[in-house]
There are 2 protein chains.
Amino acid sequence: MKIGELAKSLGVSTDTLRYYEQHKLLTPSARSESGYRVYTQQQLRQMQFILRAKEVGFSLKEVQELLQIQIEKHQHSCEEVKEITIQKLHLVRTRIEELQRFEQSLSKLAQRCCGGPESADFCSILTALEDVDGTCN
Amino acid sequence: MKIGELAKSLGVSTDTLRYYEQHKLLTPSARSESGYRVYTQQQLRQMQFILRAKEVGFSLKEVQELLQIQIEKHQHSCEEVKEITIQKLHLVRTRIEELQRFEQSLSKLAQRCCGGPESADFCSILTALEDVDGTCN
DNA sequence: CTTGACCTTGGTGTTAACTCTAAGGTTTAT
DNA sequence: ATAAACCTTAGAGTTAACACCAAGGTCAAG
Ligand SMILES: [Zn+2]
Ligand SMILES: [Zn+2]
Ligand SMILES: [Zn+2]
Ligand SMILES: [Zn+2]
């Protein structure tokens, strides 16, 4: 398989594949005489692993860790894998909480504003942001 | 007020104030003879507005829009202000949903892995990521 | 009169995950 | 034989919101 074929079958760009190579996520199995990258089913499966891990929310850096473990499975433990997953989970939850605070504040602000066509001179969103005690939250 | 005093009273760095100036969020009211930035109560209030808007989740670009409106209030409508708020709200909600999907997937993965000290040869997290039908979600 | 704390400008560095460009070599089909 | 489609490399650009640095000017206190 050449890079374009692999890219097409995965729905990613050739740039992405070269980028992953640079970042040690996927190495072609060989080069052709003319220097073209050559991939096998093995690499296809590895890319599928990478893409699934990304879908689940792992960053490329984390995917790299997981890949390393997956490749040398018997030198690593379940504990290790679960640890990475749990850490990511905590991170995601923290971010969700932050965004939920934003959501609370924004929806309260929006509720109080009439949203009408009159001038914003007394807009409650603006006054909430202006006043020291503006109840933004 | 000089930049250091304003920074301290707001709990931000002087770098941040200069950055905001570059990005048209806050202009000092004047310069001293020696070229120092001079700020008044007016700028202090404007910075408080900016910081409150940021706390609520607005990006600096959005804050800039809001500031423009706040400064020329009577040339703008409640509708406009509410629109910006609602748009941000939608964006935040979309992001929350995405993260919640991540959370779902990750917690299911984590639940299925025993997390023990044995080798990861049969780790269910890895197999879920490997298999085409691995139930990652 | 000399520290030391403050101020100035302009510039680079950070993070993530690509995307795009330029300048050129290779393959395949017509 | 030539155009289209593919491939190569190295490097720059994107976004957000600053942080940090160098080289130098300014100001108050002791
Ligand atoms: Zn109104
Ligand atoms: Zn309003
Ligand atoms: Zn296990
Ligand atoms: Zn496991």
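All values reported here derive from a predicted model rather than from experimental measurement. (Residues numbered from 1 in each chain as written. Chains lettered and ligands numbered in written order. Predicted model: local features only at pLDDT ≥ 70, side-chain atom pairs only at ≥ 80, totals over all residues. Heavy atoms only, no water.)

Draft legend 1. Quick peek at the side chain of B:Thr85. Examined against the element boundaries, B:Thr85 turns out to sit in helix α5 (residues 78-112). Looking at B:Thr85, the relative accessible area reads 0%, which means it is buried. (Helix = DSSP H or I, 4+ residues; strand = E, 2+ residues; numbered from the N terminus. Buried < 20%, exposed > 50% of the residue type's maximum accessible area, 1.4 Å probe, protein only.)

Draft legend 2. Structural view of the protein's contact with DNA strand D. Around DNA strand D, the structure places 18 residues, and the nearest of them are A:Gly4, A:Arg37, B:Tyr19, B:Tyr20 and B:Lys54. Considering the 4 Å shell around the protein, atoms of DNA strand D inside it are sugar or phosphate in 74% of instances. Measuring from a phosphate oxygen of DNA strand D, one finds a side-chain N or O atom of A:Arg18 at 3.2 Å. Here a phosphate oxygen of DNA strand D sits 3.4 Å away from a polar atom, N or O, in the main chain of B:Leu60. Those elements that provide at least two residues to the surface near DNA strand D are α1 (3-10) of chain A together with α2 (14-22) of chain B. Tallying contributions element by element places α2(B) first for the surface near DNA strand D, with four residues. For the surface near DNA strand D, the residue count by class is six nonpolar, six polar and six charged. (Near = heavy atom within 4 Å. Polar contact = N/O pair within 3.5 Å; in protein donor to acceptor, adjacent residues only side chain to side chain. Nonpolar A, V, L, I, M, F, W, Y, C, P; charged D, E, K, R; others polar.)

Draft legend 3. Local environment of the coordination of the zinc ion (ligand 4). Coordination of the zinc ion (ligand 4) by the protein comes from A:Cys78 (SG), B:Cys113 (SG) and B:Cys123 (SG), over a distance range of 2.2 to 2.4 Å. In this model, the zinc ion (ligand 4) sits 3.6 Å from the zinc ion (ligand 3), the two metals being bridged by A:Cys78. Of this pair, A:Cys78 sits in helix α5 (residues 78-112) while B:Cys113 sits in the loop between α5 and α6 (124-130), placing the two residues on different chains. One exposure class covers both A:Cys78 and B:Cys113, and it is buried. (Donors = N, O, S within 2.8 Å, 3.2 Å for Na, K, Ca; no water.)

Draft legend 4. Region of interest: the environment of A:Asp121. Within the secondary structure, A:Asp121 is located in the loop between α5 and α6 (124-130). Once residues within four sequence positions are removed from consideration, A:Asp121 is found in contact with B:Lys73 and B:His74. A distance of 2.9 Å separates polar atoms of two side chains, one belonging to A:Asp121 and the other to A:Ser119. For A:Asp121, the side chain forms a polar contact with the main-chain nitrogen of B:His74, separated by 3.3 Å. (Contact = heavy atoms within 4.5 Å.)

Draft legend 5. Quick peek at the interface of chain A and chain B. Counting residues at the interface gives 55 residues for chain A, matched by 56 residues for chain B. Between chain A and chain B, roughly 4900 Å² of surface is buried when both sides are summed, and carbon and sulfur atoms account for 70% of that area. Among the residues of chain A in contact with chain B, A:Cys78, A:Leu106 and A:Leu129 are the three that bury the most area, contributing 14% of the side total. Notably, a salt bridge pairs B:Glu103 with A:Arg93, separated by 3.1 Å at the nearest N-O pair. (Buried area = accessible area lost by both parts, 1.4 Å probe. Salt bridge = Lys/Arg side-chain N within 4 Å of Asp/Glu carboxyl O.)

Draft legend 6. How the structure looks around the coordination of the zinc ion (ligand 3). Binding of the zinc ion (ligand 3) to the protein goes through A:Cys78 (SG), B:Cys114 (SG) and B:Glu118 (OE), at separations of 2.2 to 2.5 Å. On the accessibility criterion, A:Cys78 (4% relative accessible area) is buried.

Draft legend 7. Examining the protein's contact with DNA strand C more closely. Of all residues adjacent to DNA strand C, which total 18 residues, the nearest are A:Tyr19, A:Tyr20, A:Lys54, B:Gly4 and B:Arg37. Here the atoms of DNA strand C within 4 Å of the protein split so that 71% fall in sugar or phosphate, with bases taking the remainder. Residue A:Ser34 places a side-chain N or O atom 2.9 Å away from a phosphate oxygen belonging to DNA strand C. Here a phosphate oxygen of DNA strand C sits 3.5 Å away from a polar atom, N or O, in the main chain of B:Ile3.

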